[in-house]
Amino acid sequence: MGSLLSRLGLECGRKAVKEEERHLRANDRELNLSYKYSDNAIKTSKYNIFTFLPLNLFEQFQRLANAYFLFLLCLQSIPEVSSLPWYTTVVPLVLVLSMTMAKDGSDDMNRHRCDKQVNNRQVEVLVEGELQSEKWMDVQVGDIVKLENNQFVTADLLLLSSSEPLNLVYIETAELDGETNLKVKQALTVTGKLEDSVEKLANFNGEVRCEPPNNRLDKFTGTLTLKGETYSLDNERILLRGCTLRNTQWCFGLVIFGGPDTKLMQNCGRTTFKRTSIDRLMNVLVLSIFGFLMIMCLILAIGNGIWEYQEGSKFAAFLPKGVNAPFSAFLTFWSYVIILNTVVPISLYVSVEIIRLGNSFYINWDRKMYYPKNDTPAEARTTTLNEELGQIKYIFSDKTGTLTQNVMTFNKCSINGKAYGELLDFSGQRVEINEKTEKVDFSWNNLADPKFCFHDNSLVEVVREGNPEVQAFFRLLSLCHTVMPEEKKEGELYYQAQSPDEGALVTAARNFGFVFRSRTPESITVVEMGELVTYELLAVLDFNNVRKRMSVIVRSPEGKLTLYCKGADTIIFERLNPSCSNLTEVTTLHLNEFAGEGLRTLALAYKDIDPEYMEDWKLRHHVANTAMDEREEKLDALYEEIEKGLLLLGSTAVEDKLQDGVPQTIEQLSKADIKIWVLTGDKQETAENIGYSCNMLREEMNEVFIVSANTSEEVRKELQRKMTPDGTEEPTVKKSRSGLFCLQKTETVADEPVNGEYAMVINGHSLAFALEKDMEIELLRTACMCQTVICCRVTPLQKAQVVELVKKYKQAVTLAIGDGANDVSMIKAAHIGVGISGQEGMQAVLSSDYSFAQFRYLQRLLLVHGRWSYLRMCKFLRYFFYKNFTFTFVHFWYGFFCGFSAQTVFDEWFITLFNLVYTALPVLSLSLFDQDVNDWWSFQYPQLYTPGQLNQYFSKRAFVYTVLHSGYSSLVLFFIPWAAMYDTVRDDGKEIVDYQSFALLAQTCLLIAVSIQLGLDTHYWTAMNQFFLWGSLSVYFAVIFTMYSNGMFLTLTSSFPFIGTARNSLNQPNVWLTMLLTSVLCVLPVVAYRFLRILLWPTINDKVRGRGYKVRQDKVLPPTPRRVQARRTSTRRSGYAFSHAQGYGDLVTSGKFLRRTPKSRPALFSQTDSPLAQTHIVGYSHNTCLIFLYSFCCCDCCF
């Protein structure tokens, strides 16, 4: 049962006893099955064929209104109580439940299809001594599987052997950590001897004991016992599900974790039922309305008891059972519960679902969110969260593939004091480079990469002229790296780099005539300006996070020894020869310019080495490299010794190319008072660079402080920053209650004023301490006082924890956006999850609520679709409650004039059709088509978004104002017609004071009044609005003349008793004058209030609409200011990220990367250039409407 419930997404443990340690034996299914480990099938869907109906109904009846109408249905089945037929409730209720059920079922069917597609993938499994093709879902723990090149890893595997030398495999981990650079894994030597022998693999019976399933991607501990010997296992031996095998012909692995136990699925989080803040508010309001309804019914029931006691006794002789006042009051109470139930009609929820569905279609159909390059439209994968998009306060974004294209480009460089990469016109002014700018012609180089793009021809000229410094510069780039080359056929080179940075630099050297061709453990072969040159590789001084540089020592064919070094400029400058001081100053200026543009910079230097010194150094290096104690320290000392007295060559500037429009999007969202936090698995320097490129980090900020401590106390100390002189020592936490019956306790960390602008960068290690219970509030306080927060080196679980922290203590609406499987837990944790359909697979998209192809579309999703959806939903709710409370209050007042007998004031057909026909389509047209301003003005004034964050359009206060407005209107709509009809006679002298004439007048006045109110609330008139509004009024008059005709009365006398009422009443002038009077009195306070508010206290919406109206009158749009990218000049330079982990220098020189036999390796990626986004300004055009209505239909928070 526990397993079943866990598969249904409920919080129930899969096993009764928590797994402490995993024990398995290879090729022994009987033993492994006895432990009842999970198989390899995954399940992300919520329902199955048996649980769909009960679970879905359970979720739907969590909505109080649905439960309330079920209760009403039970009441209406009692004849003594029911004053309306039972089908008036059951039909709308079934309709609502069915529509929601169909939508939920469709969503879950899509999840089932995705699960089925993954579970039915084929893989070769060793079964009873033979390799058989099995479905992924049939793979069991302890099985041995065979993977081939470009296949996904089936489960979490212990690598046994591979086709590569020394049992290496190359894997791509984009689905796990978002990084597309290749990683290297290596099998144990003892298992590598199994090779691809099926016989040896079938006889392998090693036992593995390891940690239980967990979500730590970077750690694995276990042991392998084989033939009495025990071998240590770590993360370097494990292939995780979600990875892709690259450049490896085949490999064999032992299944350790399957299906839901894999680290990928452990990081995916639970599928939760998301509801909007308006849904939660509606639950509270429905409960309040129910209490208010009970009070009204109690008042009327008491009135009935008093009336029956005082007046009903006079009629006792005519009643068979006499008069029982208490029992009559009891029955009247429940009768009024049925009659007055229109305060929350079931049609409200039908309409809400239709509105949400319609606004979802707008997102799907929006051509401005369509990405033609990949043929990817925007997709609303859920229809229940649209209005929440208009209330976002915090955005949590991944970096790689979300903000960036994950494509590095070599943009600029400085060589021997001269900068290259910029274009100047004849007057010496900088020319802006765009797609139309002429590119450098590399046709002279047969081995050039045709996709490489550069615009400064002067650099090619000096290279071809044989400038020694420039050639030495590119020679260094072609030699100093750990890139692996692949040549499918002559001249077609593909580089496999640990990081895109290195790939970009080696590709640049290739295009400028220094082509890295091949390598062995002892040599590097380069084509230098058409000549093949082989260098002897003597040593690789590898990169790590402390050194922040790497070097190679090579011997040229002439016997010359040279050390080439590249690294962070601050590190390189410390090791330069004093003779380079002048060149260093010039290069520093260039570096500042490059950093000002957000480019990733790197300094290059070299030195010639004396052969005798080199021999002595090699001996000492060998001793240090084989030492058992303090090996790393001894090697670092040797590296430090030889990397001194360097001669500066220049610097490079590489752009981690942002997606189009990212800085502008972030700027727009910031103006809308949306805070953006970047949560990335990349290293600190990389994250900071992107922060500056996106204008999230700026030099004018008071401070960008780094939190990178290694202990809890140090982290606490670094978090306790003084950003305001009046700040308190401890965070201010406000405690309150919310939810139904105020049972939910909430704690809110109050916002504090800040003097200046600050930003915080925190790494994953420090974040682990900061997220502890005793420090999380301090973290949140400090982070919320900063303009920008960047969390780097974070795990997928930490991303979700940060989101949960903000949700818990800020009571704000959150949005998470990412493109990889490492973002799934964050996407599921946030109120809104957005998936980018990019280069890192579809895991994020499949788990998201909305998806599109580019980050820049987020501003349109929020500032246009989100704001409109929220505005429309709030208008709909305010108007719906207004018209229905007005409708119900008229019944309430009539109770005092009908002896509290539960008689309806309106015709039963009017009661039935009021919400379904007469007012349904006009309010739907308002909720589907209305716009306060168009999309262009929404972008011009992002501040229009802030009212949604503050819940100004619909809240408990706005609801109270709506009820008061309805109370006033109902008094007018009941007592004015009552007074007008009292003792009134026709023109011919016949008396017309009867119930039917009064009911007709009252209901007509009501319909006209609510229609005028709808017109006042409409900002954007369309043909559909006009048609539905006037059409509904026309239908009303057509219906009453038809139903009140002689023919209908003669056909069904009991159902149509209002014979002749319409033609007898509506031909009287006083009836029409009464309609006019009630309409004016209902509208007058609204118009007066809105006029005074616009005149005295205009909101930003009023100001923007007023300006938009003036612009439309002049038929001229204000000019769009031309954006010029600001150049940042700073002493801070972007740090260069060599890779996301320690380099593979030892591996390069060991020969382990070589193949046993030459095989062709397919290209890892096909890089394409991204076209610039085309932005079109769309004019804002209303249909013809009166200026009077325009001026006064601006209410946003009250009537």
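These numbers were taken from a predicted model, which means no experiment stands behind them.

Chemist: How would you explain the overall build of the protein if you had to name every residue and give the values?
Modeler: Of regular secondary structure, the protein possesses 41 helices and 37 strands. Within the protein, the fraction of its 1199 residues that count as buried is 57%. Put simply, 75% of the contacts in the protein that link residues at least 6 apart link residues at least 24 apart. In the structure as shown, the protein presents an accessible area of about 51300 Å², 57% of it carried by carbon and sulfur atoms.

Chemist: Give a description of the packing of helix H28 (residues 857–895) against helix H33 (residues 956–981) that names residues and reports values.
Modeler: Where H28 meets H33, the closest approach of the two axes is 8 Å, and the angle between their N-to-C directions is 45 degrees. Here H28 lies oblique to H33, going by the angle between them. Relative to H33, the crossing made by H28 is right-handed. Here Arg878, Phe881, Tyr882, Phe885, Thr886, Phe889, Val890, Trp893 and Tyr894 of H28 lie close against H33, whose contacting residues are Phe959, Thr962, Val963, His965, Ser966, Gly967, Ser969, Ser970, Leu971, Leu973, Phe974 and Phe975. The residue inventory of the contact of H28 with H33, partitioned by class, reads 13 nonpolar, seven polar and one charged.

Chemist: How would you summarise the side chain of Thr244 if you had to cite specific residues and measurements?
Modeler: When you line up the elements, Thr244 lands in strand S12 (residues 244–246). Excluding residues that lie within four positions of it along the chain, Thr244 makes contacts with Asn150, Gln151, Phe152, Tyr170, Ile171 and Glu172.

Chemist: Tell me what's going on with the pairing of strand S15 (residues 392–397), and back it up with residues and numbers.
Modeler: Buried residues dominate S15, accounting for six of its six residues. Judged from the five bridges that link them, S15 and strand S35 (residues 813–818) form a sheet pairing that is parallel. Bridge pairing links Ser397 to Ile817 in S35. Relative to strand S29 (residues 675–679), S15 runs parallel, the two sharing four bridges. Bridge pairing links Phe396 to Trp677 in S29.

Chemist: Pulling in residues and values, what's your account of helix H20 (residues 662–671)?
Modeler: All of the buried residues along H20 are Val662, Pro663, Thr665, Ile666, Gln668 and Leu669. Asp673 sits one or two positions beyond H20 and adopts a positive phi of about 65 degrees.

Each value, and the rule that gives it
- Residues numbered from 1 in each chain as written.
- Predicted model: local features only at pLDDT ≥ 70, side-chain atom pairs only at ≥ 80, totals over all residues.
- Heavy atoms only, no water.
- Helix = DSSP H or I, 4+ residues; strand = E, 2+ residues; numbered from the N terminus.
- Buried < 20%, exposed > 50% of the residue type's maximum accessible area, 1.4 Å probe, protein only.
- Contact = heavy atoms within 4.5 Å.
- Areas by Shrake-Rupley, 256 points an atom, 1.4 Å probe, with all protein chains shown as cover.
- Axes fitted to C-alpha atoms, helices over the stretch in contact; angles between N-to-C directions.
- Parallel < 35°, antiparallel > 145°, perpendicular 65-115°, else oblique.
- Left-handed = near helix turned anticlockwise from the far one by under 90°.
- Nonpolar A, V, L, I, M, F, W, Y, C, P; charged D, E, K, R; others polar.
- Pairing = 2+ DSSP bridges.

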